[in-house]
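Read off the chains here:
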Amino acid sequence: MSEAAVKPNPAAPSLAVRHLSKAFGGVQAVRDVSFDLGKGELLALIGPNGAGKSTCFNMLNGQIRADSGSVSLAGTELIGRSPADIWRRGVGRTFQITATFPSMTVAENVAMVLMSQRHELFSFLKTAVQRHRKKALELLDLVGMTGQADRPCGVLSYGDLKRVELAVALGNEPSVLLMDEPTAGMAPRERIELMGLAARLVRDLGLSVLFTEHDMDIVFGHADRIIVLSRGELIAEGTAEQIRSNPLVLKTYLGEGQIYGRKEG
Amino acid sequence: MSVYLVQFLSGLASASALFLAASGLSIIFGVTRVVNFAHGSFYMLGAFFGYTFVREVGGGGIGFWFALLLAALAVGLVGLVVELVILRRLYKAPELFQLIATFGVILIVQDVALWAWGAEDLLGPRAPGLTGIVRIFGTPMPVYDLALIAAGPLVLAALWLLFNRTRWGILVRAATEDREMVAALGVNQSLLFTGVFVLGSMLAGLGGAIQLPKGGADLLMDFGILAEMFVVVVVGGMGSILGAFLAAVLISLLNTFGILVWPDGTLVLMFILMAVILVVRPTGLLGRPETAGHKAEAGFETALRPAGPHYKLFIAAVLALLLVLPVLVGEFYLILVIDILVLALFATSLHFLMSTGGLVSFGHAAFYGGGAYAAALLVTYAATPFELALLLAPLGAGLLALVIGWFCVRLSGVYFAMLTLAFAQVAWSIVFQWSDVTNGDDGLLGIWPSAWASGTLVFYFLALVIAVGGIFLIRRVIFAPFGYGLRATRDSTLRAAAIGIDIKRQQLVAFVFAGAMAGLAGALFVFSKGSVFPDEMSIPRSFDALLMVLLGGVESLSGPFVGAAAFTYLHDELITFEYWRLLLGLTIVALVLLFPQGLAGAAKHYLGRYLKLEAEPTGAAVTKREVREA
Ligand SMILES: Nc1ncnc2c1ncn2[C@@H]1O[C@H](COP(=O)(O)OP(=O)(O)OP(=O)(O)O)[C@@H](O)[C@H]1O
Ligand SMILES: [Mg+2]
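Not measured: the values here are computed from a predicted model.

Residue and element names in this part refer to chain A. Not every one of the 14 residues close to ligand 1 is listed here, only the nearest: Asn49, Gly50, Lys53, Ser54 and Thr55. One nitrogen or oxygen atom from the side chain of Asn49 is found 2.8 Å from an oxygen atom belonging to ligand 1. In the environment of ligand 1, an oxygen atom lies 2.8 Å from a nitrogen or oxygen atom belonging to the backbone of Gly50. Within the complex, 60% of the 630 Å² of free accessible area of ligand 1 lies under protein. Residue assignment for the shell around ligand 1 shows that the elements contributing at least two residues are β2 (27-38) and α1 (53-60). Looking at which element gives the most residues to the shell around ligand 1, the answer is α1, with three residues. Broken down by class, the residue content of the shell around ligand 1 amounts to five nonpolar, seven polar and two charged.

Time to look at unusual backbone geometry. Residues and elements named next belong to chain A. Positive phi is not limited to glycine here, since Asp32 has a value of about 50°. By the element assignment, Asp32 lies in strand β2. For Asp32, a relative accessible area of 24% corresponds to the partly exposed category. With a phi close to 55°, His119 is a non-glycine residue in the positive phi region.

Residue and element names in this part refer to chain A. With respect to the element layout, Thr212 can be found in strand β8 (residues 208-212). Only 2.8 Å separates the side chain of Thr212 from the side chain of Asp180, close enough to count as a polar contact. Reaching out from Thr212, the side chain makes a polar contact with the backbone nitrogen of Glu181 at a distance of 2.9 Å. Other than its neighbours up to four places away in sequence, Thr212 contacts Leu45, Lys53, Phe57, Met179, Asp180, Glu181 and Pro182.

Moving on: the pairing of strand β1 (residues 133-136) of chain B. Residue and element names in this part refer to chain B. Where β1 and strand β2 (residues 139-142) come together, four bridges link them in antiparallel fashion. Within the sheet, the bridge partner assigned to Arg135 lies in β2 and is Pro140. The antiparallel hairpin formed by β1 and β2 contains two residues in its connecting segment, where Phe137 sits at a positive phi of about 45°.

Turning our eyes to something else, we now look at the domain arrangement of chain B. Residue and element names in this part refer to chain B. When the domains of chain B are assigned, the result is domain 1 (2-7 + 15-227) and domain 2 (329-629). Computed over C-alpha atoms only, the centres of domain 1 and domain 2 are separated by 33 Å. Of the residues lining the interface, 26 residues belong to domain 1; the matching set on domain 2 comes to 29 residues. When domain 1 packs against domain 2, close to 2,400 Å² is buried across both sides, 86% of that on carbon and sulfur atoms. Residues Asp111 and Arg581 are paired through a salt bridge, measuring 3.5 Å at the closest nitrogen-oxygen approach. Of all the secondary structure elements, the ones that give two or more residues to the side of domain 1 that touches domain 2 are α4 (95-117) and α10 (221-236). Ranked by residue count, the leading element in the side of domain 1 that touches domain 2 is α4, at 16 residues. Residue classes in the side of domain 1 that touches domain 2 are distributed as 20 nonpolar, three polar and three charged.

With that settled, consider the interface of chain A and chain B. Of the residues lining the interface, 42 residues belong to chain A; the matching set on chain B comes to 40 residues. When the two sides are added together, the surface that chain A and chain B hide from each other amounts to roughly 3,400 Å², 63% of it contributed by carbon and sulfur. For Arg495 of chain B, the salt bridge identified is with Glu165 of chain A, shortest N-O distance 2.7 Å. At the junction of chain A with chain B, the criterion picks out 14 residue pairs in polar contact (both at pLDDT 80 or more). Every element with two or more residues in the side of chain A that touches chain B is listed here: α2 (83-88), β6 (91-94), α3 (106-117) and α5 (158-170) of chain A. No other element matches the five residues that α3 of chain A contributes to the side of chain A that touches chain B. Looking at the side of chain A that touches chain B residue by residue, the classes come out as 20 nonpolar, 12 polar and 10 charged.

A word on the coordination of the magnesium ion (ligand 2). Each angle at a metal carrying four tetrahedral donors should ideally be 109.5 degrees, and each at a metal carrying six octahedral donors should ideally be 90 or 180 degrees. Residues and elements named next belong to chain A. Within the first shell, the magnesium ion (ligand 2) binds the protein through Ser54 (OG) and Gln96 (OE1), at distances of 1.9 to 2.1 Å. Taken together, the residues Ser54 in helix α1 and Gln96 in the loop between β6 and α3 connect sequence positions 42 residues apart. The partly exposed category is assigned to Ser54, whose relative accessible area is 22%. With relative accessibility at 31%, the residue Gln96 sits in the partly exposed group.

This part covers empty space enclosed by the protein. Residue and element names in this part refer to chain A. Counting across every chain of the model gives five cavities of 30 Å³ or more. Counted as a void, the second largest cavity has a volume near 110 Å³. Looking at the second largest cavity, it is lined by 14 residues, and the ones nearest its centre are Thr105, Ala107, Glu108, Gln130 and Arg133. Among the elements of the structure, α3 and α4 (133-142) are those that each provide at least two residues to the lining of the second largest cavity. Of the residues belonging to the lining of the second largest cavity, the class tally is five nonpolar, four polar and five charged.

About the thresholds
Residues numbered from 1 in each chain as written. Chains lettered and ligands numbered in written order. Predicted model: local features only at pLDDT ≥ 70, side-chain atom pairs only at ≥ 80, totals over all residues. Heavy atoms only, no water. Near = heavy atom within 4 Å. Polar contact = N/O pair within 3.5 Å; in protein donor to acceptor, adjacent residues only side chain to side chain. Areas by Shrake-Rupley, 256 points an atom, 1.4 Å probe, with all protein chains shown as cover. Helix = DSSP H or I, 4+ residues; strand = E, 2+ residues; numbered from the N terminus. Nonpolar A, V, L, I, M, F, W, Y, C, P; charged D, E, K, R; others polar. Buried < 20%, exposed > 50% of the residue type's maximum accessible area, 1.4 Å probe, protein only. Contact = heavy atoms within 4.5 Å. Pairing = 2+ DSSP bridges. Domains from an automatic or database assignment. Buried area = accessible area lost by both parts, 1.4 Å probe. Salt bridge = Lys/Arg side-chain N within 4 Å of Asp/Glu carboxyl O. Donors = N, O, S within 2.8 Å, 3.2 Å for Na, K, Ca; no water. 1 Å grid on protein atoms, 1.4 Å probe; cavity = no way out; pocket = protein on both sides within 12 Å on 5 of 7 lines; lining within 4 Å. Points joined across faces, edges and corners; volume = space filled by probe spheres on them.

Okay, structure coming up:
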C-alpha cells in the first residue's frame, strides 16, 4: 500500500474503489489503488503524465479490464461488466481526447444518448430524425450549445466538443460522472469558464464526480478533495491545502520536471 | 503408420508455397496498410513466369532453380510497376479504393495471362534431379516434396535474418510497429514502401513458382490462393511471419489429413478451424491486438441529411420514368433494366453496411448467391411456390449472414473484410463441390416464376416494386434509430460503448439485415434468369458489388443505383470484347485514380452548388460546406 493511507469518506460512497491494478505488458500502469468517491463529492485525481489516471478511468467504466481489484457502485461490483452495462447503471464519462459522432449534428449526438437510454436502437421503421429534439436542446442549453445544435460535430472547435461531451454524459442522468481532463487543449479563459460550468452543473444535479486535470488552478479551485497518483500508485490524499504543502507531492512534480502550483506557494 | 507420416510430410510440402505467398501479403500490409488483393495474381504470375523460364533457361539442376528465382524477380518487377503507377497515389486514400484498385489489377493480370499463356492448364515442369520418389517405410513420396518442405523454413529463416540483422529490415519492422515514428526519423518513406511491396510481390511469385512441379499453372490459381492466404493471415495473426508459417502448416495439414478422414469435408474442417481459433484468439495465433482507430473505411466527417426538395423531385422523376418505361422501350431493354434493379438492390444492401456501418464486406455475394440458391433449392426440392420462395429466400440469406456475421463482427477493419471474403469463398466452395444437392458447376435450372408473373412486363413491375421497395426500406432504416445507432458505432466505438450501445450486436443485426436484402436481390435474380450457378456467390461477384458502390460513390445514398446502372452498361459494352476483363480492370483503375468520390458523388458535388439536394437543417443556419447530402 502507498504511504498515504486511504481514509474512507465518512459519507456513504458512490463509488468504492479497492486495490485496483493494471499492467500493460511490463508496464505497471496502475498499482493497488484504493479510494472512495463520496456522494455529491468533486474528487480530483491528479498526477504527472503517464501516472495512470486515464487507465483508472478506463477500468472504472469497463473499457479495459482490471487485472485485479474491485469497484463497487452502491454495492454492485462493476469490474467485469461491459462499458454499456456500466453506463446503464449510471456511470457516465467524458474522454481526455473528445469522442463524439462527427457525422451527426450536435443535437443528434445528444439524441443518440436518449435513444440508447430508452432502448430504441433496434427500431427499424420509426424515424430518428428530430427524435428527442426537445430534450436534447434542453441538455444543450445547460452547456450553452443550443446555438450550434444543428452543426455537425465534425466541424466544431475543440472547446465546443468538450461542451457537447458534457451534455452527452449528462444525457442519461448519471449518478457518477468521470471527467478525464475536461479542459485539456483549451485556452486558459475557456478552461476556467468550462470548469466553472461543469462544477455548477454537477453540484446542481447532485452528481458525484471524479475528474483529472493538469491545471492546478482549476483543481484547487473546484475539488472538494484531491488524490495524487504517481507511477500508478496513490501517494497522497487530502484537501487543496494539504496537497499543496505535501512534500511528497511537491517532490513528485518537481522530480518530473513539472512545477504546477508553484505560483501559489 | 507410414501412410500418416507421408501424409504429414505432404502437408508440410504444400504449406511452403502457401506460407511464402501469405508472408508477402502480411509484410506488405504491415508497412503500407494495404491489403493487396492482387497478391493471388502475383502468385499465379510466379507460376506462369516459372513455367516459361524453366523452358527457356531451366536446363540442369542449377538452371531450374535459377529459373524459379528469375520468375520471382519478374513478379517483383510487376509489383514495382503496380506500386509506382497505382498504389503510390492511393496510400492516403480510403482503404476501399486501394482494394478496388488492386482488384482492377487482378482483372488485368487475368487477361494478360490468358493472352500470354493461353486458357489451357499448364503441366508444371519437373525439377531436374528431383523427379523420382523416395519410399518412407515403404510408402512412396515425390522427392520434390522434400525440397518443398525445406523451402518454407529456409525462407522463414532468411526473412528472420533480413528483419533482425539488416538495417533495412529493422527499419521495416520499426515501420510496422510505428509508422509515424519512422517518418519522423527522416527515412525516405516512399522508398521503403516501394521496397516492401516489391519484396512481398517476389515472395508471392516465388511461392507460385516453387509449387510448379506439384501444381502446375492455371488461370484459377489467383482466387483460390487468395482466400487461403487470407485464412492463413487471419489465423496466424496479421503482421506475424512466424504466425503465417504456423497457420500455413496447420491449414495444409488439416487439408491433407482431412482428405483421408472426410474427403468431402475439408472445407468444412477449415471453416471450423478458423472459427475456433477466432473465437479463442480473435487476433490470431501470434497476432497482437490491432491498434484502435484502424478502420477499413475513410472517416465520414460530413453529416448525413434526409433528402431535400430538388433531390426528391429528381427521385420522383426517375421513378416516373421507370413506371412508364415499358411504353417507351422494347423487351430487350426492359430485361436490361430488371438486371439493373436487381443489382441496385444488391449494391444498396452492401452500401448500407459500408457507409452506415463502416463494415466493408468482401464477401457480400455469399448472401446474394445464398438468396438465389435458397430460392432455387426450395423450388427444386420442395416444389415451393414462387411467391413463398421469394419470401423465404431473404430469410435463408439472413440466416447464413447470422452464422457468418457472428464470427466476422468480432473483428474490425481489414480483418473483418478478409474474414468475410474467406467465409464467402467457403460458401462458394460448398455450393461448387456439393454437386449432389446443388448440381455443382452445372447450376440449378428451370427456376421460373408462377404463370401470372412470367411475362416480361409483369415481372418487370414486380422487380420494380420489390427492388425500389427494398431500397426505400434500407433508406428508411438508415434514418431510423437502428441506423443511427449503427452509424454511432462507425463514428466512434469509444463513445458508442460509453453511451450504452452494444457495438457487436448492432453490427451483427446490420450484417443480417444487409444479407437478407442481398438475398432478396438474389431471389429476384434467379427468377428473372430461370437458373443459378455458383458464380453468383464467387469473389468476383462480391467485387462487382463493391465496384457498383464505388462507381456510385460511397457517400451518396443514391450512389448504388447509379453504380448498378453504370456497371451494367460497362459490362454489356465490354463483354463483346475478347479481353473484356483487361478493359474493365483498366477502367476500374482509371476510375479510382480519377474519380475518388464516384460518379453520383461527383455529380452531386457539382450540382449541389445550384440545387437543394438535402433537407435544410432546422434551427440555426449552417454553412453549405459543412453538410453533404445523403
Ligand atoms: N493501451 C495501452 N497499452 C500499453 N500501455 C498503455 C496503454 N494505455 C496506457 N498505457 C501506459 O500506461 C501508463 C499510464 O497511462 P495513462 O494514460 O493512464 O496515464 P495518464 O495519467 O492518463 O497520463 P496523461 O496525463 O498523459 O493523460 C503509461 O505508461 C502508458 O504508456
Ligand atoms: Mg490521461
